[in-house]
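Now for the letters of each chain:
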Amino acid sequence: MVTTFKAQVQNLHFYYGTVEALKNISISIQEKKVTAMIGPSGCGKTTLLRCFNRMHDLYPGNRYEGEITLYPEGKNILDPKVDPIELRMRIGMVFQKPNPFPKSIYENVAYGLRVRGITQKSIIGEKVEESLRYAALWDEVKDRLYHLASNLSGGQQQRLCIARTLAIDPEIILFDEPTSALDPTATQKIEELMETLKEKYTIITVTHNMQQAARVSDYTAFFYLGELIEFDKTENIFTNPKVKKTEEYITGRFG
């Protein structure tokens, strides 16, 4: 089977001012697979996730060194010439807490399409329905599309945020602990959704939940104190880790 990379991180260092938060990270992200990033709080996993769509650019004093190459064109997305707004259309992000806009369900999903300059009602309507179906939410909201998104439950709001991300056809979806604020039933729905989404999208997820990483991901990266300690197929990380520190973390001896 031919392995296809969607992105490659090469010798990446990241600084919050003078503090080095990521130290010489190199990792390959497989296309249409789920890659989980695990490790204790403050280990650098969310920092790395936010490098992929240049979220750190929003704050002064942050600095990247190294490269993140996006395929198929092989371009370094950390190059200052790359427009971060355009990049965020290609690499969508779902945050820890659901963050629907104070608009209707319909307008939440349509938002990115309107930003892109799409005005034709029929096209927007088709895309809204398609995205809500893909996010496993359509049947629950089809009769109240023009109600405020804030009226939805927490789990529904998170799936709405996923639908909003899908509407602009991203190539990669970043999940930053997407179920940490949800109950077990809503968590299960999001996990099942990730399994479906990887048929079409490349997914990178940050999670504190070992069992979740084992359930949803194909590859797992373990971080500690800003360094990548081990990266392998998820099965290997959880059943036969090569590094003692990895074994200690996944067996709950620290973190």
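Scroll up to find the structure.
In this report, we go over the structure that sits alongside the text. Starting from 1, residues in each chain are numbered consecutively following that chain's sequence as written. A pLDDT threshold of at least 70 governs which residues receive local features in this predicted model, and a stricter bar of 80 or more applies before side-chain atom pairs are shown or counted, although totals over entire chains, interfaces and linings include all residues. With hydrogens and water stripped out, all remaining heavy atoms of the structure feed into the side-chain values.

Take the packing of helix α3 (residues 105–115) against helix α6 (residues 154–166) next. Two packed helices can be described by the angle between their axes and the distance between those axes. The N-to-C vectors of α3 and α6 enclose an angle of 35°; their axes lie 7 Å apart at closest approach. Remark: the crossing between α3 and α6 carries right-handed chirality. Contacts between α3 and α6 involve Ile-105, Asn-108 and Val-109 from the first element and Leu-160, Ala-163 and Arg-164 from the second. Along the lines of polarity and charge, the residues of the contact of α3 with α6 split into four nonpolar, one polar and one charged. Only C-alpha atoms enter the line fits that serve as axes; for helices the fit covers just the stretch in contact. Angles between N-to-C directions range over 0 to 180 degrees. Strands here mean DSSP runs of E at least two residues long; helices mean DSSP runs of H or I at least four residues long; both are numbered from the N terminus. Handedness of a helix crossing follows the sense of rotation of the near helix relative to the far helix, less than a right angle counterclockwise being left-handed and clockwise being right-handed. Pairs of residues are marked as contacts when any of their non-hydrogen atoms sit within 4.5 Å. Residue type decides the class: Asp, Glu, Lys and Arg count as charged, Ala, Val, Leu, Ile, Met, Phe, Trp, Tyr, Cys and Pro as nonpolar, and the leftover types, Gly among them, as polar.

So, on to the sheet that holds strand β3 (residues 34–38). One open sheet accounts for six strands, arranged β6-β7-β8-β3-β9-β10; its pairing is mixed. The open sheet terminates on both sides in strands that have one partner only, identified here as β6 (91–94) and β10 (227–233). Averaged over all neighbouring strand pairs, the angle between strand axes comes to 15°, with direction disregarded. Across four bridges, the pairing between β6 and strand β7 (residues 172–176) is parallel. Its bridge partner lying in β7, Val-94 is registered against Phe-175. Running at roughly 170° to β6, α6 makes contact with β6 and β7 of the sheet. Strand pairing is assigned whenever DSSP detects at least two bridges linking the two strands.

Below, the discussion takes up α3. Of the residues making up α3, those classed as buried are Ile-105, Tyr-106, Asn-108, Val-109, Ala-110, Gly-112 and Leu-113. Directly beyond the C-terminal end of α3, a positive phi value near 90° is found at Gly-117. Exposure categories follow from relative accessible area, calculated using a 1.4 Å probe and restricted to protein chains: below 20% of the type maximum is buried, above 50% is exposed, and the middle band is partly exposed.

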